[in-house]
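Descriptive analysis of the structure
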2 protein chains.
Amino acid sequence: MIETANRDRRAERREATKAEIVDAAWALARAEGLAAVSLRDIAKAVGMQAPSLYGYFGSKHEIYDAMFAMGAQQFVDAEPWDEMTGDALHDVRCIVHYVVRFCSEDIARYQLLFQRTIPGFEPSAASFAISEGNLARLGEQLARVGITDPRAIDLFTALSAGLANQQISNDPGGDRWIRLIDDAVAMYVQYMTGVGEDPQPTDRSTDQLTDQRTGGAPR
Amino acid sequence: MIETANRDRRAERREATKAEIVDAAWALARAEGLAAVSLRDIAKAVGMQAPSLYGYFGSKHEIYDAMFAMGAQQFVDAEPWDEMTGDALHDVRCIVHYVVRFCSEDIARYQLLFQRTIPGFEPSAASFAISEGNLARLGEQLARVGITDPRAIDLFTALSAGLANQQISNDPGGDRWIRLIDDAVAMYVQYMTGVGEDPQPTDRSTDQLTDQRTGGAPR
DNA sequence: GTCTATATTTGGATAGAC
DNA sequence: GTCTATCCAAATATAGAC
């Protein structure tokens with residue numbers, strides 16, 4: 001019994017140290033860029049020498065994999081699905097806001113999770129499963145507001161990815177494309193659900209994009 | 001006179017060699033990834049030793065810069081603007097097709113031109129000017145079909161970038177998002193120009209995405 | 001578990017002969 | 001202009017002492 005207790009304590013300590021290492025790696029990635037992360041710097045950040053890291057991870061790629069899993073898990077944890085109302089416009093808007101903010105608030109995380117920027121790195125099956133779960137739950141939510149066609153879902157991901165990508169690439173730290181989300185979602189939902197219900201819905205929605213803020217200089 | 005002629009020939013030869021080096025660098029980037037390009041490999045590809053490259057470029061970043069300029073110039077050269085008709089739907093569709101194909105047919109080029117994947121590299125003013133010219137001409141074309149609002153243009157770039165990004169990241173070599181372009185453009189143009197002109201335009205367009213190809217399994 | 005020491009590889013870049 | 005030789009730095013990873 002005492003032995004088991006000791007083992008548990010040791011295992012807990014070990015997991016805590018691993019988490020500390022991954023946290024340090026993320027901090028470095030955010031500060032210096034994902035590709036600039038080195039074992040030396042990680043070790044220095046946690047008060048170790050580089051070789052000591054091999055007591056916790058078998059290779060640098062294993063650290064990347066743990067980072068990947070952590071990032072994907074963060075997406076799960078902050079999911080906005082208790083805010084869903086069943087109204088398509090509101091719910092889709094809410095989801096896209098969440099996705100774009102999640103991507104643009106941490107570019108390094110975005111690159112590791114959604115781009116292929118680390119040469120030779122691929123997430124393990126376990127880590128990748130977290131990501132696939134995210135996509136599946138997203139599909140469920142879209143289905144709940146009546147969007148079930150695979151092509152419609154692909155268009156949704158393209159729209160979200162495009163807004164996030166432009167925000168990150170062309171206005172990092174700003175909100176130039178974030179401010180477009182509501183209009184983009186209006187366009188999408190309108191196209192998906194049909195606008196025939198409202199006699200003249202185009203007047204208002206078109207104005208939002210073509211007449212409003214015409215004088216506003218984009219960054 | 002003879003001296004000038006000799007100088008010209010030498011200059012031409014020099015430019016030809018520089019072009020050869022940049023071509024080799026691009027070939028390596030496409031084969032091994034942008035970050036995996038090394039001076040040694042470039043030199044080997046053109047039949048030189050690594051230090052000889054410094055007779056043509058002052059640093060590796062200068063080679064990246066020349067690659068950037070070449071990629072941006074390729075975008076100019078293949079521009080589809082002699083195919084413009086003045087019809088918004090047709091022209092926008094044509095432009096998006098061009099952009100998405102340009103991006104997805106060469107991922108290394110896409111990464112260098114549109115993502116920030118090389119740590120510490122920024123294009124020179126001259127190279128960047130080519131890119132800005134591209135964006136400006138794109139804006140002119142959109143204006144010609146009545147899309148002038150900065151926000152509308154931003155939404156256009158987001159939509160194009162999103163389709164290209166998803167195509168590259170999730171279906172490289174395929175056409176899963178390329179096949180969505182026509183629908184995406186219909187959605188966009190419909191939202192921009194207003195659908196009030198057509199009594200019931202939503203029936204057809206909605207069907208395209210929600211009912212058509214429902215059984216088609218996405219990759 | 002952590003360290004020091006080191007192997008190994010691979011880069012970019014420079015010096016100087018030819 | 002191109003070469004050989006070399007420098008220097010940085011990175012991953014391993015061996016073995018403590």
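Just above sits the structure.
Residues numbered from 1 in each chain as written. Chains lettered and ligands numbered in written order. Predicted model: local features only at pLDDT ≥ 70, side-chain atom pairs only at ≥ 80, totals over all residues. Heavy atoms only, no water.

1. Focus: the protein's contact with DNA strand D
- The local shell around DNA strand D holds 15 residues, among which Arg40, Tyr54 and Lys60 of chain A together with Ser52 and Tyr56 of chain B are the closest.
- Looking at DNA strand D alone, sugar and phosphate atoms form 65% of those within 4 Å of the protein.
- Lys60 of chain A places a side-chain nitrogen or oxygen 2.6 Å from a phosphate oxygen of DNA strand D.
- Here a phosphate oxygen of DNA strand D and a side-chain polar atom of Arg14 of chain B are 3.2 Å apart.
- Tallied by class, the residues present in the surface near DNA strand D amount to seven nonpolar, five polar and three charged. (Near = heavy atom within 4 Å. Polar contact = N/O pair within 3.5 Å; in protein donor to acceptor, adjacent residues only side chain to side chain. Nonpolar A, V, L, I, M, F, W, Y, C, P; charged D, E, K, R; others polar.)

2. Considerations on the layout of surface pockets
- By volume, the second largest pocket amounts to about 1000 Å³.
- Every residue lining the second largest pocket is counted, 34 residues in all, and those nearest its centre are Gln166 and Asn170 of chain A together with Phe114, Leu135 and Thr157 of chain B.
- For the lining of the second largest pocket, the elements supplying multiple residues, two or more each, are helix 7 (150-170) of chain A together with helix 3 (60-77), helix 4 (88-104), helix 5 (107-114), helix 6 (125-144) and helix 7 (150-170) of chain B.
- Grouping the constituent residues of the lining of the second largest pocket by class yields 19 nonpolar, 10 polar and five charged. (1 Å grid on protein atoms, 1.4 Å probe; cavity = no way out; pocket = protein on both sides within 12 Å on 5 of 7 lines; lining within 4 Å. Points joined across faces, edges and corners; volume = space filled by probe spheres on them. Helix = DSSP H or I, 4+ residues; strand = E, 2+ residues; numbered from the N terminus.)

3. Structural notes on helix 7 of chain A
Residues and elements named next belong to chain A.
- Compared with the 30 Å implied by 1.5 Å per residue over 21 residues, the 30 Å span of helix 7 between its first and last C-alpha is a close match.
- Judged by how many residues are buried, helix 7 sits mostly within the fold: 18 of 21 residues are covered.
- Backbone nitrogen of Arg151 and a side-chain oxygen of the N-cap are separated by 2.8 Å at the start of helix 7; the cap is Asp149. (Expected span 1.5 Å × (residues − 1). Buried < 20%, exposed > 50% of the residue type's maximum accessible area, 1.4 Å probe, protein only.)

4. Let's talk about helix 4 of chain B
- Here helix 4 of chain B is 17 residues long and its end C-alpha atoms lie 24 Å apart, about the 24 Å a rise of 1.5 Å per residue gives.
- Elements that come into contact with the buried residues of helix 4 of chain B comprise helix 3, helix 5, helix 6, helix 7 and helix 8 (181-193) of chain B. (Contact = heavy atoms within 4.5 Å.)

5. Structural notes on the packing of helix 4 of chain B against helix 5 of chain B
Residues and elements named next belong to chain B.
- One way to put it is that helix 4 packs onto helix 5 with a least axis distance of 6 Å and a crossing angle of 105 degrees. It follows that helix 4 is roughly perpendicular to helix 5 by the angle criterion. Two secondary-structure elements touch here, helix 4 through Phe102, Cys103 and Ser104 and helix 5 through Ile107, Arg109, Tyr110, Leu113 and Phe114.
- The residue makeup of the contact of helix 4 with helix 5, split by class, is six nonpolar, one polar and one charged. (Axes fitted to C-alpha atoms, helices over the stretch in contact; angles between N-to-C directions. Parallel < 35°, antiparallel > 145°, perpendicular 65-115°, else oblique.)

6. Some remarks on the side chain of Gln141 of chain B
- Along the chain, Gln141 of chain B falls in helix 6.
- Exposure remark for Gln141 of chain B: the relative accessible area of 7% places this residue in the buried category.

7. Side note on the pattern of salt bridges
Residue and element names in this part refer to chain A.
- Overall, the coordinates contain 14 salt bridges over all chains when judged by the stated rule.
- The salt bridge involving Glu79 is made with Arg137; its shortest N-O contact spans 3.3 Å. Taken together, the residues span a long stretch of sequence, with Glu79 in the loop between helix 3 (60-77) and helix 4 (88-104) and Arg137 in helix 6 (residues 125-144) at a distance of 58 residues. (Salt bridge = Lys/Arg side-chain N within 4 Å of Asp/Glu carboxyl O.)

By themselves, these figures tell us nothing about what the structure is for.
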